[in-house]
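Residue-level structure breakdown
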Amino acid sequence: MNTANKWTLLADEAMFNLISIKQNYHGKLKKEPLQRAAEISTILFTAKPIVEDYSQLSFLVPKQESGEHPKWSQIRRIRIMIHNYNYVQELWLKRNEIDRPIKEKVIQRHTTKAFVDVSPEQVIECVGEANYVLLVDLTEKVINLTDDLLVELDDFRANFPVYAKTHINPEMLKRYGSVLNFPNNKELIAMLQKSQDADYPSVTTLFGATTDELKQRYSTGYSFAPVVGAKLGREVG
């Protein structure tokens, strides 16, 4: 019970850390990747990587090797989720590193305009094409991975305790405690909605890549039904 509750709380904290980041741009993004890079400003936050011993979760492994097993009986899936959470924090920090100097340099050059009103050509003239492409690239990566991790973490938070409870003798919990569970609310459900899809054809020339190549580049490997429910995602990063 203690182990199950600890991992549920870790997922809950991770999810709300990502929500606090997403709140800075939620509902403001359009289709154009250039607009998305301009709209999301430097987001100050403290990275909180999760470093845990996965052997603690060995009690989850089904005794039967064959057959279909519940999603959260797969320790590998939990490890991938945590790896990707740590990775997306690194991506946000990296984006912060390049976002502020790029936008400060552009605004200094075009003092009468906000960054969102400066044309791509003017940005490239100020900071170079490579830096601008890197900013757009990191922006698309963090948008997509943050969105999909929020759904994955929410699914874990809701369904992992249910599965873990099947491996805990309820008689042993009397007078001791209970397995945690977290109800959803309307505000949380809204944050789980994916951001606007990007219009990659508009930047194929800038990236020197096809639309399909860009879609593949920014795919996280997760595939979800609306808001909840998932197939196994691949490890990113």
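Right above here is the structure, for reference.
Small disclaimer: the values here were computed from a predicted structure and weren't measured.

1. Comments concerning the environment of S58
Summarising the element assignment, S58 is placed in the loop between α2 (33-39) and α3 (75-109). A relative accessible area of 47% places S58 in the partly exposed class. S58 sits 15 residues away from S73 along the chain, and the two C-alpha atoms are 9.1 Å apart.

2. Describing the packing of aromatic side chains
Under the definition given, this model contains five aromatic pairs. Centroid distance W72 to F156: 4.9 Å. Interplanar angle 90 degrees. Geometry classified as edge-to-face. With W72 in the loop between α2 and α3 and F156 in helix α5 (residues 129-165), the pair connects residues that are 84 residues apart, well separated along the chain. In this structure W72 comes out as buried when scored by relative accessible area, which is 2%. Grouping aromatic residues by their ring pairs yields a cluster made of W72, F156 and F160. Across the ring face of W72, the terminal group of R77 is positioned such that the distance to the ring centre comes to 5.4 Å.

Analysis parameters
- Residues numbered from 1 in each chain as written.
- Predicted model: local features only at pLDDT ≥ 70, side-chain atom pairs only at ≥ 80, totals over all residues.
- Heavy atoms only, no water.
- Helix = DSSP H or I, 4+ residues; strand = E, 2+ residues; numbered from the N terminus.
- Buried < 20%, exposed > 50% of the residue type's maximum accessible area, 1.4 Å probe, protein only.
- Phe/Tyr/Trp six-rings, centres within 6.5 Å; stacked < 30°, edge-to-face > 60°.
- Lys NZ or Arg CZ within 6 Å of the ring centre and 35° of its normal.

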